[in-house]
Amino acid sequence: MTILPQDIKERFYKTIKGEISLDDFEQWLYADKELEKHLKSEDYLDLISLSFKQSGAKYELWNLLKKHIDLGEFEKYKMLGLLNEAKHKTERLPYILMEFYDLYCKGYNFLQDLGLGIGLAVEVPRVNNTTADSWDELTTEQQKELLDSFTPELEECIEQVIYWLETNKIKLTGEQDEIGHYDYEDLRTEEERKSKLWVTVSEDKETGFSASKNTLWDKQTEKKWWEFWK
């Protein structure tokens, strides 16, 4: 696989993600003189020969670009993008948290705290004085209350996963198995693999089976001291 400069790789990543339009990529392709130096002549010709106005051009372009990127690096780029956006708490925060839950379900077990611990709590909210079954059914005030209840655990979990990715303790491959579960290499220590949110609450001495609970759920449904008298 061709080794590309970081700025060109990021342009490929953003185009595949849809952050750069076909028109903008086409204009850059014809104007840029660097790309030709880094691609084989036939690969470069494939790109500049693509008819960007034809039906299916986006899909064809993605296939051409994916030949020149490492899928693991691309997956890491996407994951860090989500984590940094969540860190800055943009308006997409609740949907990113739900996406973490979806990614956890699809095999990224290192997202246990962010996905199962927090993302699921957004997907299926547990907020006092509401019968809402989803995030969108909550009022604006309830949504704020729910998001506020994740602090400081949310910030700590985000920083933790960013650290694992940036230090290659978690190495994404970009590959999926036959049922769509993502593959990755886990180089964390046993201590690092321990959840910050899930704690063991009971254990059957005969079977050794232990149950666990999410400490954030207790935090979200915690009654104020004066409410116990109502």
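Structure report, in brief. (Residues numbered from 1 in each chain as written. Predicted model: local features only at pLDDT ≥ 70, side-chain atom pairs only at ≥ 80, totals over all residues. Heavy atoms only, no water.)

1. As for the overall build of the chain
- Looking only at helices and strands, one finds 12 helices and four strands in the chain.
- The 230 residues of the chain split such that 40% are buried. (Helix = DSSP H or I, 4+ residues; strand = E, 2+ residues; numbered from the N terminus. Buried < 20%, exposed > 50% of the residue type's maximum accessible area, 1.4 Å probe, protein only.)

2. Focus: the environment of F74
- Within the secondary structure layout, F74 lies in helix 6 (residues 71-87).
- When near neighbours in sequence (up to four residues on either side) are disregarded, F74 contacts Y13, I16, K17 and I69. (Contact = heavy atoms within 4.5 Å.)

3. Comments concerning the side chain of E192
- The topology assignment puts E192 in helix 11 (residues 190-193).
- Given a relative accessible area of 18%, E192 falls into the buried group.
- For E192, the side chain forms a polar contact with the side chain of K169, separated by 3.4 Å.
- Engagement of the side chain of E192 in a polar contact is seen with the backbone nitrogen of T189, the distance being 2.9 Å.
- Beyond its immediate stretch of four places on either side in the chain, E192 contacts Q160, Y163, W164 and K169. (Polar contact = N/O pair within 3.5 Å; in protein donor to acceptor, adjacent residues only side chain to side chain.)

4. A look at the pattern of salt bridges
- In total, this model carries 16 salt bridges according to the counting rule given.
- Here E73 ties to K9 by a salt bridge, and the two come within 2.9 Å at their closest N and O atoms. Of this pair, E73 sits in helix 6 while K9 sits in helix 1 (residues 6-17), and the two are 64 residues apart along the sequence.
- According to the relative accessible area criterion, K9 is buried, its value standing at 14%.
- Here K169 and E192 are joined by a salt bridge, their closest N and O atoms 3.4 Å apart. With K169 in the loop between helix 10 (153-166) and strand 1 (170-176) and E192 in helix 11, the pair connects residues that are 23 residues apart, well separated along the chain.
- Sharing partners across several salt bridges, the network here consists of D23, E26 and K53. (Salt bridge = Lys/Arg side-chain N within 4 Å of Asp/Glu carboxyl O.)

5. Thoughts on the nonpolar core
- With 42 residues, the main nonpolar core has M79, L83, F100, F110, L111, L114 and F150 as its most contacted residues.
- Secondary structure elements with two or more residues in this core: helix 6, helix 7 (93-105), helix 8 (112-123), helix 9 (140-148), helix 10, strand 1 and strand 2 (182-186).
- If we ignore the near neighbours within four places in the chain, the residues touching L111 are M79, F100, L103, Y104, L116 and V161. (Core = buried A, V, L, I, M, F, W, Y, C linked by side-chain atoms within 4.5 Å.)

6. Focus: the packing of helix 7 against helix 8
- Closest axis-to-axis distance for the helix 7/helix 8 pair is 7 Å, and the angle between their directions is 125°. One way to sum up the angle between helix 7 and helix 8 is to call them oblique. Where helix 7 crosses over helix 8, the handedness of that crossing is left-handed. Contacts between helix 7 and helix 8 involve P94, L97, M98, F100, Y101 and Y104 from the former and Q112, L114, G115, L116, I118, G119, L120, V122 and E123 from the latter.
- Taken together, the residues that form the contact of helix 7 with helix 8 break down as 11 nonpolar, three polar and one charged. (Axes fitted to C-alpha atoms, helices over the stretch in contact; angles between N-to-C directions. Parallel < 35°, antiparallel > 145°, perpendicular 65-115°, else oblique. Left-handed = near helix turned anticlockwise from the far one by under 90°. Nonpolar A, V, L, I, M, F, W, Y, C, P; charged D, E, K, R; others polar.)

7. Examining the environment of T15
- On the secondary structure map, T15 appears in helix 1.
- When the C-alpha positions of T15 and W62 are compared, they lie 7.8 Å apart, and in sequence the two are 47 residues distant.
- What T15 contacts, discounting residues up to four positions off in sequence, is I20, F25, L61, W62 and L65.

8. Re the pairing of strand 1
- With four bridges joining them, strand 1 and strand 2 adopt antiparallel strand pairing. Bridged to Q176 within strand 2 is Y182.
- The antiparallel hairpin formed by strand 1 and strand 2 contains five residues in its connecting segment, where G180 sits at a positive phi of about 90°. (Pairing = 2+ DSSP bridges.)

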